[in-house]
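Here are the chains, one letter per residue:
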Amino acid sequence: MKLTIDPAAIQWFRKEMDIKKGDAVRFFARMGGCSTVQSGFSLGVAKEQPKEIGISTEQDGITFFIEKEDVWYLDDSELTVTYNVERDEIEFH
């Protein structure tokens, strides 16, 4: 499993969620929504410190992570977070 955050997405997090160096961003599984990974689930995003990291990456001094309890969502695949300029939002691939 691998977690990758596109540099443009990092700028989105800085702007929209007031993320700064030293902060952490959690991606978590939530019921409902639309996903190409797990039917009936989607990814949520929160600015919070990790408790028990399952997978993470640090970019520009920011820790992006998924807790151990939510790693099942990726189903042993990679997660790439990008920024869609036209929609002004992040996307998960």
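Residues numbered from 1 in each chain as written. Predicted model: local features only at pLDDT ≥ 70, side-chain atom pairs only at ≥ 80, totals over all residues. Heavy atoms only, no water.

Participant: Could you give an account of the overall build of the protein, with specific residues and numbers?
Facilitator: The secondary structure content of the protein amounts to one helix and seven strands. A total of 93 residues make up the protein; the buried ones form 38% of that total. Taking the contacts inside the protein whose residues are at least 6 apart along the sequence as the reference set, 54% of them involve residues at least 24 apart. Accessible surface, the protein as shown: approximately 5600 Å² in total, 47% of it carbon and sulfur. (Helix = DSSP H or I, 4+ residues; strand = E, 2+ residues; numbered from the N terminus. Buried < 20%, exposed > 50% of the residue type's maximum accessible area, 1.4 Å probe, protein only. Contact = heavy atoms within 4.5 Å. Areas by Shrake-Rupley, 256 points an atom, 1.4 Å probe, with all protein chains shown as cover.)

Participant: Account for unusual backbone geometry, naming residues and giving values.
Facilitator: One can expect most non-glycine residues to show negative phi and most peptide bonds to be in trans. The backbone of Asp60 sits at a positive phi, close to 55°, despite the residue not being glycine. Within the secondary structure layout, Asp60 lies in the loop between strand E4 (53-59) and strand E5 (62-67).

Participant: Report on the pattern of salt bridges, specifying residues and quantitative values.
Facilitator: Scanning the model with the defined rule gives eight salt bridges in all. Between Arg26 and Glu48 there is a salt bridge whose closest N-O contact spans 3.2 Å. A residue pair is termed long-range when its members are at least 10 positions apart, and Arg26 in strand E2 (residues 24-31) and Glu48 in the loop between strand E3 (41-47) and E4 qualify at 22 residues. On the accessibility criterion, Arg26 (12% relative accessible area) is buried. Judged by its relative accessible area of 25%, Glu48 falls in the partly exposed class. Residues Arg26 and Glu69 are paired through a salt bridge, measuring 3.4 Å at the closest nitrogen-oxygen approach. Of the two residues, Arg26 is situated in strand E2 and Glu69 in the loop between E5 and strand E6 (78-84); the sequence distance between them amounts to 43 residues. Among the ionic contacts, a cluster of salt bridges with common partners joins Arg26, Glu48, Glu69 and Asp70. (Salt bridge = Lys/Arg side-chain N within 4 Å of Asp/Glu carboxyl O.)

Participant: Outline the packing of aromatic side chains, listing residues and values.
Facilitator: Using the criterion set out here, one finds five aromatic pairs in the structure. Note on Phe13 and Phe27: the rings are 6.1 Å apart at their centroids and 70° apart in plane angle, and the pair reads as edge-to-face. Linking Phe13 in helix H1 (residues 7-16) with Phe27 in strand E2, this pair joins segments that are 14 residues apart in sequence. Classification of Phe27 by relative accessible area gives buried; the value is 0%. Look at Phe27 and Phe92: their rings are 5.8 Å apart centre to centre, the planes differ by 85°, and that puts the pair in the edge-to-face class. Linking Phe27 in strand E2 with Phe92 in strand E7 (residues 89-92), this pair joins segments that are 65 residues apart in sequence. Taken together, the aromatic side chains of Trp12, Phe13, Phe27, Phe64 and Phe92 make up a single cluster linked through ring pairs. (Phe/Tyr/Trp six-rings, centres within 6.5 Å; stacked < 30°, edge-to-face > 60°.)

Participant: Describe the environment of Asp70, with residues and values.
Facilitator: With respect to the helices and strands, the residue Asp70 is situated in the loop between E5 and E6. Residues Asp70 and Ile53 lie 17 residues apart in sequence; the distance between their C-alpha atoms is 9.5 Å. Once you skip the residues sitting within four places of it in the chain, Asp70 turns out to touch Arg26, Phe28 and Ala29.

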